[in-house]
Amino acid sequence: MKISVDIITLIVFLGAIQGYFIALTLFTNTTGNRRANNVLGLLFLGFALSITNIFLIRTGLYIRIFFPINLPLIISFLFGPLFLYYVKFHINRDLKLKLSDGLHLIPFSIAFLYYFRLYFYSKPFINQYIHSHYFFETPIFDWDIIINLILLQLHTWFYLLTIHRIIGRHERKIVQFYSSIEEKSLQWIKFFINCFIAVYSIFIVFFIFGVQSDRSMICAYLGVVVSISIFILGFQGLRQPEIFLAVESTDIKEYTPPTPELKLDFINDPNLSNQLNSIVAAIQDEQLYKNPDLTLLDLSKKLSMPRHTLSQIINDGFGMSFCDFINQYRVDHFKKLIDEPENKNLTFLALAEESGFKSKSSFYRIFKKHTNMTPSDYKSVKAPNDNQLSSHSSL
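Because the structure is a prediction, the values reported are computed rather than measured.

Undergrad: If you had to explain the packing of helix H10 (residues 270–285) against helix H13 (residues 322–339) to someone new, which residues and values would you point to?
TA: Across the interface, H10 lies against H13 with an axial gap of 11 Å and an inter-helix angle of 40°. What the angle tells us is that H10 and H13 run oblique. Considering how the two elements wind past one another, H10 and H13 form a crossing that is right-handed. Residues Ile279, Val280, Ile283 and Gln284 of H10 pack against Phe325, Ile326 and Tyr329 of H13. Looking at the contact of H10 with H13 residue by residue, the class counts come to six nonpolar, one polar and no charged.

Undergrad: Report on the packing of aromatic side chains, specifying residues and quantitative values.
TA: For the structure shown, the criterion picks out 23 aromatic pairs. Measuring from ring centre to ring centre gives 5.2 Å for Phe158 and Tyr159, while their planes differ by 80°; the resulting arrangement is edge-to-face. Looking at Tyr159, the relative accessible area reads 5%, which means it is buried. Taken together, Phe44, Phe47, Phe79, Phe83, Trp188, Phe192, Phe196 and Tyr200 form an aromatic cluster joined through their ring pairs.

Undergrad: Provide a residue-level description of the side chain of Thr371, including the pertinent values.
TA: Considering the arrangement of structural elements, one finds Thr371 in helix H15 (residues 360–371). There is a polar contact of 2.6 Å between the side chain of Thr371 and the backbone oxygen of Phe367. A distance of 3.0 Å separates the side chain of Thr371 from the backbone oxygen of Met373, its partner in a polar contact.

Undergrad: Just give me the short version of the nonpolar core, but keep the residues and values in it.
TA: Counting 48 residues, the largest nonpolar core has Phe44, Phe47, Phe83, Ile189 and Phe192 as the members making the most contacts within it. Going through the elements one at a time, helix H1 (7–28), helix H2 (34–59), helix H3 (71–91), helix H6 (143–177), helix H7 (187–209) and helix H8 (215–237) are the ones with two or more residues in this core. With 11 residues, H3 is the largest single contributor of residues to this core. Contact partners of Phe47, with chain neighbours within four places excluded, come to Phe79, Phe192, Phe196, Val226, Ile230 and Leu233. By size, the runner-up hydrophobic cluster in this structure holds 25 residues, among which are Tyr178, Leu276, Val280 and Ile314.

Undergrad: Tell me about unusual backbone geometry, and please be specific about residues and values.
TA: Working note: non-glycine residues mostly have negative phi, and peptide bonds are mostly trans. A positive phi is found at Gln287, a non-glycine position, where the angle reads about 50°. Looking at the secondary structure, you find Gln287 in the loop between H10 and helix H11 (296–303). Classification of Gln287 as partly exposed rests on a relative accessible area of 29%. Although it is not a glycine, Asn372 adopts a positive phi angle of roughly 60°. With respect to the helices and strands, the residue Asn372 is situated in the loop between H15 and helix H16 (375–394). Relative accessible area serves as the criterion here: at 69%, Asn372 is assigned to the exposed category.

Undergrad: Give a description of the pattern of salt bridges that names residues and reports values.
TA: On inspection of all chains with the given rule, the structure shows seven salt bridges. Among the ionic pairs, Lys88 bridges to Asp101, the shortest N-O distance being 3.9 Å. With Lys88 in helix H3 and Asp101 in the loop between H3 and helix H4 (106–116), this residue pair connects regions lying 13 residues apart in the sequence. A relative accessible area of 26% places Lys88 in the partly exposed class. Close ionic contact of Glu171 with Lys190 constitutes a salt bridge, the shortest N to O distance being 2.9 Å.

Undergrad: Could you give an account of a nonpolar patch on the surface, naming the residues involved and the relevant values?
TA: On the surface, Val5, Ile7, Leu10, Phe13, Leu14, Ile17 and Phe231 cluster together into a nonpolar patch covering about 610 Å² of accessible area. Element by element, the count of residues in the nonpolar patch is highest for H1, at five residues. One can find Phe13 in helix H1. Phe13 sits in the partly exposed class, given a relative accessible area of 33%.

Undergrad: Tell me about helix H12 (residues 307–318), and name the residues and values.
TA: Over its 12 residues, H12 extends 16 Å from the first C-alpha to the last, a length consistent with the 16 Å expected when each residue adds 1.5 Å. Within H12, burial applies to Leu310, Ser311, Gln312, Ile313, Ile314, Asn315 and Asp316. Gly319, located one to two residues past H12, shows a positive phi value of around 70°.

Undergrad: Give a description of the confidence of the model for the protein that names residues and reports values.
TA: Any segment with low pLDDT has predicted coordinates that should not be analysed in fine detail. When pLDDT is averaged along the protein, the result is 81; 77% of the residues meet or exceed 70. Taken together, the stretch residues 136–141 has pLDDT below 50 and engages in 17 contacts with residues farther than four places along the chain or on a different chain. Counting contacts from residues 246–250, a segment whose pLDDT is below 50, to residues more than four positions away or on other chains yields seven contacts.

Thresholds applied
- Residues numbered from 1 in each chain as written.
- Predicted model: local features only at pLDDT ≥ 70, side-chain atom pairs only at ≥ 80, totals over all residues.
- Heavy atoms only, no water.
- Axes fitted to C-alpha atoms, helices over the stretch in contact; angles between N-to-C directions.
- Helix = DSSP H or I, 4+ residues; strand = E, 2+ residues; numbered from the N terminus.
- Parallel < 35°, antiparallel > 145°, perpendicular 65-115°, else oblique.
- Left-handed = near helix turned anticlockwise from the far one by under 90°.
- Contact = heavy atoms within 4.5 Å.
- Nonpolar A, V, L, I, M, F, W, Y, C, P; charged D, E, K, R; others polar.
- Phe/Tyr/Trp six-rings, centres within 6.5 Å; stacked < 30°, edge-to-face > 60°.
- Buried < 20%, exposed > 50% of the residue type's maximum accessible area, 1.4 Å probe, protein only.
- Polar contact = N/O pair within 3.5 Å; in protein donor to acceptor, adjacent residues only side chain to side chain.
- Core = buried A, V, L, I, M, F, W, Y, C linked by side-chain atoms within 4.5 Å.
- Salt bridge = Lys/Arg side-chain N within 4 Å of Asp/Glu carboxyl O.
- Patch = residues over 30% accessible without salt bridge, like charges linked within 9 Å, V, L, I, M, F, W, Y side chains within 5 Å.
- Areas by Shrake-Rupley, 256 points an atom, 1.4 Å probe, with all protein chains shown as cover.
- Expected span 1.5 Å × (residues − 1).
- pLDDT = per-residue confidence, 0-100.

This is the structure:
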């Protein structure tokens with residue numbers, strides 16, 4: 001039998017190989033967040049398996065190799081639950097799964113039992129099924145496939161929305177607990193979600209506008225999209241510190257953010273005012289903001305004040321989160337340093353690190369957030385004002 005390989009088949013093949021390689025890398029990695037890595041490895045394994053059959057069909061190898069032709073549709077019901085487990089383990093590596101978490105696997109189990117029955121039939125029947133469902137020998141309006149694809153779309157979007165809410169809750173927590181959040185934020189997870197949304201949106205477009213097209217080509221184009229996504233996600237994912245570094249667990253899982261509905265009365269409660277002043281004194285006098293890893297827990301221990309109380313006082317007394325509160329001091333300290341003549345030869349990064357910023361990217365982002373200008377703009381605006389003051393003083 002002659003094996004035909006075109007550019008689409010080659011891309012799908014390389015995407016599958018990349019998926020298997022990334023999965024193996026994650027499974028065998030002994031550092032980092034291992035439970036999250038294992039779940040992420042299962043995701044990439046699922047991605048690779050989902051496009052392997054496209055390669056086998058396009059090359060004709062499916063006749064020689066026993067490979068469940070409906071496997072992509074079956075394992076697609078695992079993507080949502082696995083992604084949810086990955087996010088939960090990424091946020092809390094000590095998380096214990098409950099028996100109820102197994103309910104997420106019910107749709108996959110039903111799809112598995114429904115489609116796997118086909119492989120108990122004779123080989124001629126299986127070959128005929130493959131041709132009728134993947135080579136357009138029957139109309140595209142095959143209700144068996146259409147209903148399952150619609151259910152798969154609803155299933156996946158449900159999990160994407162659920163994960164989006166979890167991320168939102170987590171991000172509201174970290175800005176109340178950490179003063180530097182660039183290593184704690186879930187930008188990688190958001191990127192993963194965007195890739196999911198892109199792939200499934202393209203899937204919908206192909207499905208709607210390709211109803212009268214060659215079904216094998218629709219599957220092939222989707223295989224290319226998934227392959228490209230595997231390369232992009234693999235490149236981004238393997239750069240995440242949680243995968244290869246043994247990042248320490250934090251106490252944030254035991255922390256409850258301030259209650260927005262509860263507003264403290266600083267005017268009529270002198271004790272609250274005293275606590276507010278003690279917070280400011282500790283931050284200013286000891287320059288605690290210079291510690292780039294300062295957390296709410298560190299400050300609460302310093303002041304012998306419960307974390308929740310401290311966070312509520314900062315939120316209501318200063319009208320900002322703990323992260324913004326500390327970073328405001330860092331920005332003010334940077335502006336003070338840049339005004340001093342002895343620092344004129346130092347770089348912005350050197351002054352930023354002296355002020356407590358952890359990285360160049362976070363410094364620029366935070367400075368612009370608090371001043372509505374870049375450090376360069378601030379310096380250029382500051383210079384003329386200083387020259388005017390010098391000229392007036394000389395008069």
